[in-house]
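Working through the structure, step by step
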Amino acid sequence: MNAVVVPPGWDGGPGWLVLPSPEGAATAVELVERALDEASLLADAPLPMGLGLAAAGWQLGVTQLRAVTERLAQSGVTLVALCSDDPRSRVAAAAIGLQTSPPLPQRPAGAQPPGPAGGPGLALQRGTLRSGDHLEVEGSVLVLGDVNPGACVRAGGHVLVWGRLRGIAHAGCQGDTEARIVALQLRPLQLRIADAVARGPEDSPPAGMAEQASLVEGEIRLDPAQPCWPLAARA
Amino acid sequence: MTAQSSRFILICSGKGGVGKTTLTANLGIALARQGARTAVLDADFGLRNLDLLLGLENRIVYTAQEVLADSCRLEQALVKHKQQPNLALLPAGNPRMLEWLKPEDMRKIAAMVGEHFDYVLIDAPAGIEGGFRNAMAAAQEAIVVTTPEVSAVRDADRVIGLLNSEGVKPIQLVLNRVRPKMMASQEMLAVDDVTDILALPLLGLVLEDEQVIVSTNRGEPLTLGEAGSPAARAYLNVARRLLGEDVPLIDPSQERRGLRARIGRLMQTKIF
Ligand SMILES: Nc1ncnc2c1ncn2[C@@H]1O[C@H](COP(=O)(O)OP(=O)(O)OP(=O)(O)O)[C@@H](O)[C@H]1O
Ligand SMILES: [Mg+2]
């Protein structure tokens, strides 16, 4: 399996190069090299904010990270971040000036890895979902508009609504318990995250504050929305 | 006006019985009274009753069916209104037409009618199935009728989604059977609640008015007479707004608040 490039999201963050889990003899540098050789991967994705390396399952030392940085630099790409589940790799990355973060959890086998910053396949829905509309996407979804009563939006990842959510939303419908539902106005009929179900709140929403729903100890909880993206795992 | 500038307006709702046919009949008369050459097309082949509401049932000789089959000319099928010669009805054929009628047929009929009229109002059947889709095919713009009830609003929303996907626009809203008292006491969805969800420009508010039922039974739309009743004024105002006049709208649930508002209301009731 080859490394894949996730272009920068709508939020102006970095793009991501997602390494497959380490198996076989290929080193991280070799995989990066191979990805760069498939020139079109990077050619049609401008990376003004640089590129992050998502390397779940890898143990990368300073030497290897330097090699990757240099190889990318030769192609005019700046490595800015490392996303890894290995603390030692993160320390090494921090030592050479990269931003670091733990990865989002793995999806069930077969599904695409939920890469950082928008993830693979952030689907964009332009316009309001009206009664009777059903939208289902594999990754995360951003709805530019309302989700009206009688409409339903389901996503393997996050459900983001730049508008009012008044229908039904299901985030993490493949079982991702870290998935969130975020809306400018969160007054759904029903919310689901992974297997948890909750009815929407009855009271009217706080004015002018985006809200998010997330799973905390198996229960769906509403909070003011996190003012940043990617949605980091709860501490 | 030339044929190109005719407006083909679908009158639809999703939910049945919310007042589509009543609006079509009253709006047809009101537009005709303002001098617009207007045709109303009964696209509710299953439960046709536009002819009844207009008091034209006994004058029908041919219908859209014969026109499509080329067994009569369009002019023969169109039924001119007695008091308002600017208005004509194209009656629906028999319900069995539903089995073979296609969107192209409706488009063809509407285009023929459009050659002779400025406004073509198409009274859609309830639902979102074949009959509705046929009717939608003939339209360029739409008026969605709803009542301030959750189920009607839900169905209207669904219909708006379908209209959007077919590129029908503009879509405007008529809110029918409004009861200001129930709205004020929050027993009924407020005007804001409805427009908030449907996100359409409000073309008219029609109050619950028993004169509507009386006139329906007589086959004389309210807009034929002097604008005595609230609903009659509302229908006339819808026509004026459709013709481009700027007629202000008043939200009946808002205006009941406070003494000054109440006095204001007494003076403004003519606005509905
Ligand atoms: N503003 C109103 N006040 C009182 N009664 C009304 C009002 N508007 C409509 N009605 C009544 O509601 C009933 C249904 O109206 P109408 O036939 O126009 O609905 P429709 O949407 O065409 O129904 P269908 O879906 O069956 O075609 C009629 O009896 C009519 O008199
Ligand atoms: Mg009807």
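You'll find the structure just up there.
Residues numbered from 1 in each chain as written. Chains lettered and ligands numbered in written order. Predicted model: local features only at pLDDT ≥ 70, side-chain atom pairs only at ≥ 80, totals over all residues. Heavy atoms only, no water.

Examining the overall build of chain A
- Broken down by element type, chain A carries four helices and 16 strands.
- A separation threshold of at least 6 residues defines the contact pool for chain A, and within that pool the share at least 24 residues apart is 37%.
- On chain A, roughly 11,300 Å² of surface is accessible, and the fraction owed to carbon and sulfur atoms is 53%. (Helix = DSSP H or I, 4+ residues; strand = E, 2+ residues; numbered from the N terminus. Contact = heavy atoms within 4.5 Å. Areas by Shrake-Rupley, 256 points an atom, 1.4 Å probe, with all protein chains shown as cover.)

Thoughts on the interface of chain B and chain A
- The interface of chain B with chain A comprises ten residues on the first partner and ten residues on the second.
- Where chain B abuts chain A, roughly 850 Å² becomes buried across the two surfaces, and 38% of that area is made up of carbon and sulfur atoms.
- When residues of chain B are sorted by the area they lose upon contact with chain A, Arg154(B), Asp157(B) and Ile197(B) head the list and together hold 54% of the total.
- In this assembly, chain B and chain A are joined by three salt bridges.
- Counting the contacts that link chain B with chain A gives eight residue pairs in polar contact (both at pLDDT 80 or more).
- At the level of secondary structure, the elements contributing two or more residues to the side of chain B that touches chain A comprise α7 (150-165) and α9 (191-198) of chain B.
- A breakdown of the residues in the side of chain B that touches chain A according to their chemical character gives four nonpolar, two polar and four charged. (Buried area = accessible area lost by both parts, 1.4 Å probe. Salt bridge = Lys/Arg side-chain N within 4 Å of Asp/Glu carboxyl O. Polar contact = N/O pair within 3.5 Å; in protein donor to acceptor, adjacent residues only side chain to side chain. Nonpolar A, V, L, I, M, F, W, Y, C, P; charged D, E, K, R; others polar.)

Some thoughts on the nonpolar core
All names here are of chain B.
- Leu10, Ile122, Phe132 and Leu163 are the most contacted members of the largest nonpolar core, which totals 55 residues.
- Here this core takes six residues from α7, the largest share from any one element.
- When near neighbours in sequence (up to four residues on either side) are disregarded, Leu163 contacts Leu10, Cys12, Phe132, Met136, Ala142, Val144, Val168 and Ile171.
- Core analysis: the second largest hydrophobic core is formed by 39 residues, Ala30, Leu50, Leu121 and Ile143 among them. (Core = buried A, V, L, I, M, F, W, Y, C linked by side-chain atoms within 4.5 Å. Buried < 20%, exposed > 50% of the residue type's maximum accessible area, 1.4 Å probe, protein only.)

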